[in-house]
Amino acid sequence: MTTIKVAIVDDEELARKLLREYLGSCDDVEIIADCANGFEAVKAVTDLKPDLLLLDIQMPRLDGFEVLELVGREVNVIFVTAYDKYALRAFEVHAVDYLLKPFSLDRLREALKRARVRLEGKQPMPAKELVAAARVPGSHLERIAIRDGANVFVIPVSKIDYVEAQDDYVSFRSEGKSFLKQQTLAEVENVLDPAHFVRIHRSYILNIDRLSKLELYAKDSHAAILRDGSRLPVSRSGYARLNAVLK
Amino acid sequence: MHPILASRSRTLLYTAAWLPVGAMLTQVLVRGGSIGWNEAAAIVFPMCFVYAFICQASWYICTALPLRERQPVQLIASHGLASGLSALVWVGLGWVWTWLLGFVFATEGLESRYQEQMLVLFVSGVLLFLLAVAFNYLLITFEVSQRAESKALELQVLAREAELKALRAQIDPHFLFNSLNSISALVMADPAAARRMCELLADFLRGSLKLGSEARIPLSEEIRLAECYLDIERVRLGSRLQIDREIDPRCEKCLVPPLIMQPLVENAITHGVARAIEGGVVSLHAERNGAGVKIIIENPFEPETVPRNGTGVGLKNVKMRLASHYSGNARMDVNKNDGRFRVELQLPCEHS
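The structure contained in this document is the topic of the report that follows.

Calculation rules
- Residues numbered from 1 in each chain as written.
- Chains lettered and ligands numbered in written order.
- Predicted model: local features only at pLDDT ≥ 70, side-chain atom pairs only at ≥ 80, totals over all residues.
- Heavy atoms only, no water.
- Core = buried A, V, L, I, M, F, W, Y, C linked by side-chain atoms within 4.5 Å.
- Buried < 20%, exposed > 50% of the residue type's maximum accessible area, 1.4 Å probe, protein only.
- Contact = heavy atoms within 4.5 Å.
- Axes fitted to C-alpha atoms, helices over the stretch in contact; angles between N-to-C directions.
- Helix = DSSP H or I, 4+ residues; strand = E, 2+ residues; numbered from the N terminus.
- Parallel < 35°, antiparallel > 145°, perpendicular 65-115°, else oblique.
- Left-handed = near helix turned anticlockwise from the far one by under 90°.
- Nonpolar A, V, L, I, M, F, W, Y, C, P; charged D, E, K, R; others polar.
- Buried area = accessible area lost by both parts, 1.4 Å probe.
- Salt bridge = Lys/Arg side-chain N within 4 Å of Asp/Glu carboxyl O.
- Polar contact = N/O pair within 3.5 Å; in protein donor to acceptor, adjacent residues only side chain to side chain.
- Pairing = 2+ DSSP bridges.
- Phe/Tyr/Trp six-rings, centres within 6.5 Å; stacked < 30°, edge-to-face > 60°.
- Lys NZ or Arg CZ within 6 Å of the ring centre and 35° of its normal.

1. Quick look at the nonpolar core
Residues and elements named next belong to chain B. The biggest cluster of nonpolar side chains holds 72 residues, and the ones touching the most others in it are Leu-219, Ile-295, Leu-322, Leu-345 and Leu-347. In contact with Leu-322, other than residues within four places in its own chain, are Ile-260, Ser-327, Ala-330, Arg-331, Met-332, Leu-345 and Leu-347. The next biggest cluster of nonpolar side chains, apart from the first, holds 33 residues, and it includes Val-21, Ala-52, Trp-90 and Val-126.

2. Description of the packing of helix H10 (residues 219-237) of chain B against helix H11 (residues 262-272) of chain B
Residues and elements named next belong to chain B. Running from N to C, H10 and H11 cross one another at 20 degrees; their axes reach a closest spacing of 10 Å. If you check the angle between H10 and H11, you find them roughly parallel. Pair H10 / H11 crosses with right-handed handedness. Across from Glu-222, Leu-225, Ala-226, Tyr-229, Leu-230, Glu-233, Arg-236 and Leu-237 in H10, the residues of H11 making contact are Gln-262, Val-265, Glu-266 and Ile-269.

3. Points about the packing of helix H1 (residues 13-24) of chain A against helix H8 (residues 173-189) of chain B
Running from amino to carboxyl end, H1(A) crosses H8(B) at an angle of 55 degrees, the nearest separation of the two axes being 8 Å. Here H1(A) lies oblique to H8(B), going by the angle between them. Handedness of the H1(A)/H8(B) crossing: left-handed. Within the contact between the two elements, H1(A) uses Leu14(A), Ala15(A), Lys17(A), Leu18(A), Glu21(A) and Tyr22(A) and H8(B) uses Asn181(B), Ser182(B), Ser184(B), Ala185(B), Leu186(B), Met188(B) and Ala189(B). Grouping the constituent residues of the contact of H1(A) with H8(B) by class yields eight nonpolar, three polar and two charged.

4. Topic: the interface of chain B and chain A
The interface is formed by 24 residues belonging to chain B together with 25 residues belonging to chain A. Counting the surface lost from both chain B and chain A, the interface buries some 2200 Å², and carbon and sulfur atoms represent 54% of this. For the interface between chain B and chain A, the tally reads three salt bridges. A salt bridge links Arg61(A) to Glu302(B); the shortest N-O distance between them is 3.5 Å. Inspection of the chain B/chain A interface yields three residue pairs in polar contact (both at pLDDT 80 or more). Going through the elements one at a time, H8 and H10 of chain B are the ones with two or more residues in the side of chain B that touches chain A. Looking at the side of chain B that touches chain A element by element, the count peaks at eleven residues for H8(B). When its residues are assigned to classes, the side of chain B that touches chain A shows twelve nonpolar, six polar and six charged.

5. Digging into the pairing of strand S13 (residues 211-218) of chain A
All names here are of chain A. In terms of strand pairing, S13 meets strand S14 (residues 221-226) through six bridges, oriented antiparallel. Across the sheet, the residue bridging to Lys-213 is Ile-225, located in S14. Between the antiparallel neighbours S13 and S14 lie two residues, among them Asp-220 with a positive phi of about 65 degrees.

6. Considerations on the packing of aromatic side chains
The description of an aromatic ring pair uses the distance of the two centres, along with the angle that the planes make with each other. All names here are of chain A. By the definition in use, this model includes 17 aromatic pairs over all chains. By way of ring pairs, the aromatic residues Phe-65, Phe-79, Tyr-83, Tyr-86 and Tyr-98 are connected into one cluster. The aromatic ring of Phe-65 is capped on one face by Arg-89, whose charged end is 3.8 Å from the ring centroid.

So this is what it looks like as structure tokens:
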């Protein structure tokens, strides 16, 4: 049997200690990373390429789902949490298993067995779209996690000025900086709160709190002027959507 | 009890309301042609005074015949009969009184001139009585609706108290699961610490149950429970949680509603320290000021983090409980700045 390379991610020292102790008694498992938060986890996945993440959900700054969204294609995951309310979401992102704290060594072994089946079967990893689909319906994203290599940026949605489509990527514009993420603009539109974010153009989603004024510059076409002075094109249907929200 | 006659001021007001009625009836008698102003007034005003009270007898009939429960025919018959009888008695009494007045004014045949007006007086008497009936029904309806309203209010208060009681006794199950997981981790590595954690957890659970069932407890007990909770969380969070405690011994005897600090201390951990990568210091501070006691709970928070669901529920409950317990004599101030979240309670210091 090949050895499974595991990364442990939990913000509690004791919880990691328990996982280390349990894993120590399992055969063919090697702990290659021990991460105290989501940022360390993303870095570990990038640098060390583990086969499996044992991932806590409620962690500071970057939660377990956000970690998975950032590294989803590269690793299998077993969630380890005290909360049962995320179980459905966990399986929607194709988690191998979902362990409820406190759990027994036998239960962990069972989860590892499933992971091994998944690894040897070479089943396809969850696609990004599935991760996005796992959002609780009706809820909106509160922050955007963006990965640049091993670096992770977390941007509260209220700090986003606008989102621009660029080929296979979208660019989030926030506080004078741009952050690229591999995603479609339609996906972004779906997870942002429509009361604040409006698709004003095929290539643009605008945070309406940033809107300073609308200018008519040709028949049927407008330009949105933002507070910082930048100009974005507004299509005819975008203008109608904008009016509906601003009303 | 009769709503008007039960209070002296209402009786006076009611009697005064009859003065214009007296004036009107006086004019009716004078217009009749054969009675002078003085005599008419002397006849009518005492009659009105007496009739004012006769009419109030209708209140008892009205309570015995509630509008909604009786047939209209029955209502009309009863009140018609009562008003007719009352007016008859009244006009009769009026005749006797006029006959007596005949001696005072030394005028011949005053009572016979009165007799000519008896029909008019009788009709007026019936109408006045019916007016009193209508007025009484109005009073009864008003009273019933007022009673229903105060009952509804009372029920609302009771329901809220029950709700608050249930809330304050609630222990977050995830706190338990996480604590049990910590114990599970400690069992092999540090059995003594695992045992200590079990004891802390037992103390905390016992304390919550006991304090939750009492109406008021000394502040010292509330603080002890909070410390027990923080000790447990310190095992879980390790060096990420530091505690800074500054309690003025003079406020330990003050009585407070149980578990009034607990939700705030729990917030300080779940929304503060546990969500900060580096952790931080939770400070508990209590001091006497004037006749009151000031309690401050402070924790670090990351301004970048967005509020998680459930934020604000604990704060709202504490605020509601302060309002229901101290009715406006207590205050809760919340402010955030410089990465610190600070809740300040200002309560009167009560003693048993």
